[in-house]
Each structure stands twice: as structure tokens, then as C-alpha cells.
Amino acid sequence: MKLYVIFLLSLFIASCSIQDTEKTYQYIGVQCVDEPWISWYKTSGINFIQEPQEKELIVMYYSEQEVEVILIEKVIPDTSVCEACNVCSKGYFYFIEVEGSSEILEEDGWKLYE
């Protein structure tokens, strides 16, 4: 019985420590600039029967970078958008939740969201 309780306690502690390693990042795309996962897809040579959704591309791209994506959410705020290249937002942004922190996300323009 004592071993069973210790086992359950260790599982609980392990699950708590796993949750502590989840990080949320935000990505805001810029007009006239392809996102890293779009550039990757254009040059990857991967063919699909049906065109993948952008969320699917994000998961595939980062899984190749060994980043475990837990959740992706696209947010489209109700605001006007300018069209100036390299200056203006594309009018939407992404939140991504990943296991642990990842330098590749920050290199790709994601900002840690707190």
C-alpha cells in the first residue's frame, strides 16, 4: 500500500512539473513577408492531396524542428489593417502553446506571451 501511495504521489509531481514547462508564444505576421512555415512549405517539395490549413503547416514545420506544439489559436481582431510592406500587420496573429521553451520560435519572430 505504501508503494502504491508513493507511486501516485510521484505521478502527481511529474504531471505538475510537465505543466510548468508549457510556454505560450505570440506571432504577429507582417505584410509582404512569408511566415517561416509558409517559406518552408513552398520549398519543401511536400505534396498533399488537399491543400493543408495553416495550422497544420505550423505543426508540421515545428515538429521537424523538434518542438512539441500543444495548441494553436489564430486571432482576428476587429480592426482595420494597413497594407504597407514590412511595416503593417497582416490583420491577425497566432498564439501557440508548446512544451518547454524553444529558441527556434524566438528566431522565427514569436514572442513569449505572459
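To be clear, the structure that these remarks concern was listed above.
Residues numbered from 1 in each chain as written. Predicted model: local features only at pLDDT ≥ 70, side-chain atom pairs only at ≥ 80, totals over all residues. Heavy atoms only, no water.

S.K.: How should I be thinking about the overall build of the chain in this particular structure?
M.R.: The secondary structure content of the chain amounts to four helices and four strands. The N-to-C order of helical and strand elements in the chain reads α-β-α-α-β-β-α-β. Expressed as a percentage of its 114 residues, the buried residues of the chain come to 30%. Pairs at least 24 residues apart make up 67% of the contacts formed inside the chain by residues separated by at least 6 positions. About 8100 Å² of surface is accessible on the chain, with carbon and sulfur atoms providing 55% of the total. (Helix = DSSP H or I, 4+ residues; strand = E, 2+ residues; numbered from the N terminus. Buried < 20%, exposed > 50% of the residue type's maximum accessible area, 1.4 Å probe, protein only. Contact = heavy atoms within 4.5 Å. Areas by Shrake-Rupley, 256 points an atom, 1.4 Å probe, with all protein chains shown as cover.)

S.K.: What's the story with unusual backbone geometry in this structure? I'm lost.
M.R.: Glycine aside, residues mostly have negative phi, and peptide bonds are mostly found in the trans state. A positive phi angle is found at C32, which is not glycine, with a value near 70°. The residue C32 is located in the loop between β1 (22–30) and α2 (36–44) in this model. Even without being glycine, N86 reaches a positive phi, approximately 60°. Mapped onto the elements, N86 comes out in the loop between β2 (69–75) and β3 (89–99).

S.K.: I tried to follow the sheet that holds β2 on my own but got confused; where do I start?
M.R.: By definition, the strands of a sheet pair up through backbone hydrogen bonds, in either a parallel or an antiparallel sense. Read across the open sheet, the four strands follow the order β2-β3-β1-β4; overall the sheet is antiparallel. The outermost strands of the open sheet, each flanked by one partner alone, are β2 and β4 (111–112). Where β1 and β4 come together, two bridges link them in antiparallel fashion. Considered in β4, the bridge of Q26 is made with K111. Against the sheet, helix α3 (residues 54–64) makes contact with β2 and β3, and its axis sits at roughly 145° relative to β2, the strand it touches most. (Pairing = 2+ DSSP bridges. Axes fitted to C-alpha atoms, helices over the stretch in contact; angles between N-to-C directions.)

S.K.: Can you walk me through the state of the cysteines in this structure?
M.R.: Think of a disulfide as a covalent bridge from one cysteine sulfur atom to another cysteine sulfur atom. Inspection of the entire model under this criterion finds two disulfides. Linked covalently through their sulfurs, C32 and C85 form a disulfide whose S-S length is 1.8 Å. The disulfide joining C32 to C85 has a torsion of about -55° about its S-S bond and is therefore left-handed. Residue C32 is located in the loop between β1 and α2, and its partner C85 is located in the loop between β2 and β3; the two are separated by 53 residues in the primary sequence. A relative accessible area of 53% means that C32 is categorised as exposed. Residue class for C85 comes out partly exposed when judged on its relative accessible area of 40%. Disulfide pairing is shown between C82 and C88; the S-S distance is 1.4 Å. (Disulfide = S-S within 2.5 Å.)

S.K.: Looking at this structure, how should I read α2?
M.R.: An α-helical turn contains 3.6 residues, so any two residues separated by three or four positions project in the same direction. Buried within α2 are the following residues: P36, W37, I38, W40 and Y41. Contacts from the buried residues of α2 go to β1, α3 and β3. Looking at the residues trailing α2, positive phi occurs at G45, about 80°.

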